[in-house]
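# Chain and residue survey
Chain residues, written in single-letter form:
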Amino acid sequence: MLTDYHVHLRPDDPDASPGEYFTTENVERYLAAASEAGIRELGVSEHVDRFTDALEIWDHPAWRDNARDDLDDYCAFVRSTPLRLGIEMDYLVGREDRIAALLDAHEFDYVVGSVHFIRDRAVDWDVYDVWEAVRDPDRVWGLYFEALEAAVRSGLYDILAHPDLVKVWGDQRPTPRRDPRFYYEPTVEAIAETGIAVEVSTAGLHKPVGELYPSDAFAEMCVDAGASFALSSDAHVPEDVGRDYDRAVERMGEWGIAEIAVFERRRRRMEPLG
């Protein structure tokens, strides 16, 4: 079985309105792309910061710029389609209760957890670039993986998105002096203890780093720890649904992954991969 749960119905543009993209016609384009890619279950997980409800969690300038839509309307629309209903919810240290309150108020099929910000600086967005504030790559990686471990241990999430996102810039940013496995290990331990599913994402193949999330070393450590896995493309247009899944499935087989996680109403079951 193949799934694609980390999918967005619109581009990362604040002016990409629900009226234009949350339509039956657009969903049909995504479903057609999924069918062509052999994907049996497709879900959508819009960024939480696109919704005005998110400002009750965090009042960052980037979120204020993006927060224009109504979360209840989004949920109702997705429930009217064959798509699974998800949300990509950023983890923010110290705001766990606010995050939980928002999640508990909606009946999602799954919640994708991600770390995009370290304090008020972004890992993958040069407008609020953390690398301008923190020049030491070991410090950046340390802060990122501290937040990622906390996200895992929070119990808020079903899927851990693009777990080594901090590498996104490739050689455009300095790399840590320490072996990356030093930073992976506490998060992998948390993954093993909590049972959160680790996302294998093909999106990294089309970023400056040019490789899957997670790295071989991270994935192999997760496999050794008995982790479960999910598979996603992080598509923002129909053409990217299931993009490069052949490469991802081949690599997952090399890592020793034989099953993927499937979700409904936040309950997980495992299905054979492929």
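One can find the structure itself at the top, above this paragraph.
Right, let's walk through the structure included here. (Residues numbered from 1 in each chain as written. Predicted model: local features only at pLDDT ≥ 70, side-chain atom pairs only at ≥ 80, totals over all residues. Heavy atoms only, no water.)

### Looking at the overall build of the protein chain
The helix and strand tally for the protein chain stands at 10 helices and 11 strands. Over its C-alpha atoms, taken along the principal directions, the protein chain stretches across nearly 50 × 40 × 30 Å. Counting only residues that meet the buried cut, the protein chain has 57% of its 274 residues in that class. For the protein chain, the exposed area adds up to about 11,800 Å²; of that, 43% sits on carbon and sulfur atoms. Taken as two groups, the 29 positive and 57 negative side-chain charges of the protein chain have centres that lie 3 Å from each other. (Helix = DSSP H or I, 4+ residues; strand = E, 2+ residues; numbered from the N terminus. Buried < 20%, exposed > 50% of the residue type's maximum accessible area, 1.4 Å probe, protein only. Areas by Shrake-Rupley, 256 points an atom, 1.4 Å probe, with all protein chains shown as cover. Lys, Arg positive; Asp, Glu negative; His and termini not counted. Charge placed at Lys NZ, Arg CZ, Asp CG, Glu CD.)

### Quick look at the packing of aromatic side chains
Under the definition given, this model contains 16 aromatic pairs. Of the aromatic side chains, those joined through ring pairs into one cluster are Trp141, Tyr144, Phe145, Phe182, Tyr183, Tyr184 and Phe218. Lying across the ring of Trp169, Arg173 places its NZ or CZ 4.1 Å from the centre. In this structure, Arg178 is placed above the aromatic ring of Phe182, and the distance from its NZ or CZ to the ring centre is 3.5 Å. (Phe/Tyr/Trp six-rings, centres within 6.5 Å; stacked < 30°, edge-to-face > 60°. Lys NZ or Arg CZ within 6 Å of the ring centre and 35° of its normal.)

### Digging into the pairing of strand S2 (residues 41-47)
The element S2 is largely enclosed, with a buried count of 7 among its 7 residues. Pairing geometry for strand S1 (residues 3-4) and S2, over 2 bridges, is parallel. Along S2, the bridge assignment pairs Asp4 with Leu42. For S2 and strand S3 (residues 84-90), the ladder comprises 5 bridges, and the chain directions are parallel. Counterpart to Val44 in the pairing with S3 is Leu85. (Pairing = 2+ DSSP bridges.)

### Some thoughts on the pattern of salt bridges
A full pass over the atoms with the stated rule returns 22 salt bridges. The shortest N-O distance in the salt bridge between Asp158 and Arg266 comes to 2.9 Å. Of the two residues, Asp158 sits in the loop between helix H7 (137-154) and strand S7 (159-160) while Arg266 sits in the loop between strand S10 (259-264) and strand S11 (267-272), which places them 108 residues apart along the sequence. Relative accessible area serves as the criterion here: at 11%, Asp158 is assigned to the buried category. Taking relative accessible area as the criterion, Arg266 reaches 31% and is therefore assigned partly exposed. The structure contains a network of salt bridges with shared partners spanning Arg10, Glu46 and Asp69. (Salt bridge = Lys/Arg side-chain N within 4 Å of Asp/Glu carboxyl O.)

### Some words on the environment of Leu9
Along the chain, Leu9 falls in the loop between S1 and helix H1 (18-21). The exposure class assigned to Leu9 is buried, which follows from its relative accessible area of 2%. Along the primary structure Leu9 and Ala235 are separated by 226 residues, whereas in three dimensions their C-alpha atoms are 8.1 Å apart.

### Observations concerning the pairing of strand S8 (residues 197-201)
With 5 of 5 residues buried, S8 is to be regarded as a mostly interior element. When S7 meets S8, the two strands line up parallel, connected through 2 bridges. Bridge assignment links Leu160 to a residue of S8, and that residue is Val198. One crossover worth recording links S7 to the parallel S8 by way of helix H8 (residues 180-194), and it is right-handed. In the classification by handedness, the crossover that spans S8, the intervening helix H9 (residues 216-224) and the parallel strand S9 (residues 228-232) is right-handed. (Right-handed = clockwise from strand over helix to strand, strands pointing away.)

### Details of helix H2 (residues 24-36)
The first and last C-alpha atoms of H2 sit 18 Å apart over 13 residues, in line with the 18 Å expected at 1.5 Å per residue. Where H2 is buried, its residues meet H1, S2 and helix H4 (71-79). Positive phi appears at Gly38, one or two residues downstream of H2, with a value of about 80°. (Expected span 1.5 Å × (residues − 1). Contact = heavy atoms within 4.5 Å.)

### Remarks on the sheet that holds S9
Strand pairing in a sheet relies on backbone hydrogen bonds, with the paired strands running either antiparallel or parallel. Taken together, the 7 strands give an open sheet; going across it, the order is S1-S2-S3-S4-S7-S8-S9, and neighbouring strands pair in parallel fashion. Looking at which strands have only one partner, the edges of the open sheet turn out to be S1 and S9. Here 5 bridges tie S8 to S9, and the two strands are oriented parallel to one another. What sits directly across from Val198, in S9, is Phe229.

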